Amino acid sequence: MKLTVFKNEKDIDQAAADSVIEVIKSNPEATIGLATGQTPVGLYQKLVQAHQNGKVSFKQVTTYNIDEYAGLAKDHPQSFYDFMKTHLFSKVDVPEENIHIPDGASSDLEAEAERYEAELEKAGQLDVQILSIGLNGHIGFNEPGHTLHAETHVVTLTEDTREVNSQAFSSLEDVPKKAITMGIGSMMKAKKIVFIAKGEAKASILKQAFKGPIDPLVPGSLLQLHPNLEVYLDESAAEYLK
Ligand SMILES: O=P(O)(O)OC[C@H]1O[C@](O)(CO)[C@@H](O)[C@@H]1O
């Protein structure tokens, strides 16, 4: 694991974006796994800036999002597709047909998870996977539990996660109870993982994830097994890792 700690949030975003851009420069047809949440917003801004400055094109890039809420159609303002459209897709030149995200509005979520996994298998090893971590240690929506899934699956969100994520909704009741998420195996297959986390609230779970034992109750701890993991943190998130 290559850990870099930054003083300034903008520097984390730039360094993480540079790592993604390097992948696209060496392979314009790169496949990229994308995450949502507040953490990667700055990284997406830096990718947009680089695109606007003519430094990178997404014309031949293919993207695979790691998760989506069940019951939310793509055009729902709280869907992860809408989030990605706002922060990245509408601002770069990635073709719509190259964007992949589970269909949360599917009437058969299990079948949709299987379909998405088949797409990932067809794509093979993703060139880079962008990831962050939830306060309870989840990556994607792989929630803590005694067992973890390798492949894309339907998950019941923990009440903790629903509460944290309720900030984006008008009320807790509006937060979906289920989601479709890539499994840990689907994410870990990527050639490189660009992991970012910011802020003191994440410090304790990061210690458990990166210094503790590999434990399904801390799904992020599985990342320790990845051979090419880049970790970008600010000083407060890295408090127990220095
Ligand atoms: O960056 P945030 O907003 O803390 O979100 C944490 C995590 O929750 C999720 O949004 C759930 O998918 C992850 O993608 C993300 O890493």
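What you are looking at is a predicted structure, and each value in this text was computed from that prediction instead of being measured.

Rules of the game
- Residues take numbers from 1 onward in each chain, read along the sequence in its written order.
- Per-residue local features of the predicted model are confined to residues with pLDDT of at least 70, and side-chain atom pairs are confined, for both listing and counting, to 80 or more; whole-chain, interface and lining totals are unaffected and use all residues.
- With hydrogens and water excluded, all non-hydrogen atoms of the structure serve as input to the side-chain values.
- A side-chain nitrogen of Lys or Arg and a carboxyl oxygen of Asp or Glu constitute a salt bridge if their distance falls within 4 Å.
- Each helix corresponds to a stretch of at least 4 residues labelled H or I by DSSP, and each strand to a stretch of at least 2 residues labelled E; elements are numbered beginning at the N terminus.
- In this scheme, a residue with accessible area under 20% of its type's maximum is buried, one over 50% is exposed, and one in between is partly exposed, where area comes from a 1.4 Å probe on protein chains only.
- We define proximity as follows: a residue is near a molecule or strand when any one of its heavy atoms falls within 4 Å of that partner.
- A 3.5 Å cut-off defines polar contacts: any pair of N or O atoms within that distance qualifies, except that in protein one atom must be a possible hydrogen donor and the other a possible acceptor, and neighbouring residues in sequence count only when both atoms are side-chain atoms.
- Computed by Shrake-Rupley with a 1.4 Å probe, the accessible areas treat only the displayed protein chains as cover when residues are assessed.
- Grid points spaced at 1 Å over the protein atoms alone were grouped into cavities, where a 1.4 Å probe fits but cannot get out, and pockets, open sets with protein on both sides within 12 Å along at least five of seven lines, with lining residues defined by an atom within 4 Å of a point.
- Here the criterion for a molecule occupying a pocket or cavity is that more than half of its atoms lie within 2 Å of the pocket grid points.
- Classification convention: Asp, Glu, Lys, Arg as charged; Ala, Val, Leu, Ile, Met, Phe, Trp, Tyr, Cys, Pro as nonpolar; all other residues, Gly among them, as polar.

(A) A look at the pattern of salt bridges. What the rule picks out here adds up to ten salt bridges. Of the charged contacts in the structure, one is a salt bridge between E112 and R115, with a shortest N-O distance of 2.6 Å. Of this pair, E112 and R115 both sit in helix 4 (residues 109-123), three residues apart, which is roughly one turn of the helix. The salt bridge partner of E230 is K192, with a shortest N-O separation of 3.7 Å. Taken together, the residues E230 in strand 10 (residues 229-234) and K192 in the loop between helix 6 (184-188) and strand 9 (193-197) connect sequence positions 38 residues apart. The pair formed by E230 and K192 is uniform in burial state, with each residue classed as buried.

(B) Molecular detail of the site of the ligand. Close to the ligand lie 13 residues, the nearest being Q38, T39, D67, H138 and K202. T36 is positioned with one of its backbone polar atoms (N or O) 3.5 Å from an oxygen atom of the ligand. K202 is positioned such that a nitrogen or oxygen atom in its side chain is 2.7 Å from an oxygen atom of the ligand. For the ligand, whose accessible area on its own is 390 Å², the fraction buried by protein is 88%. Among the cavities detected, the one that contains the ligand is the largest pocket. Broken down by class, the residue content of the shell around the ligand amounts to three nonpolar, eight polar and two charged.

As far as function goes, none of this settles anything; it's purely spatial.
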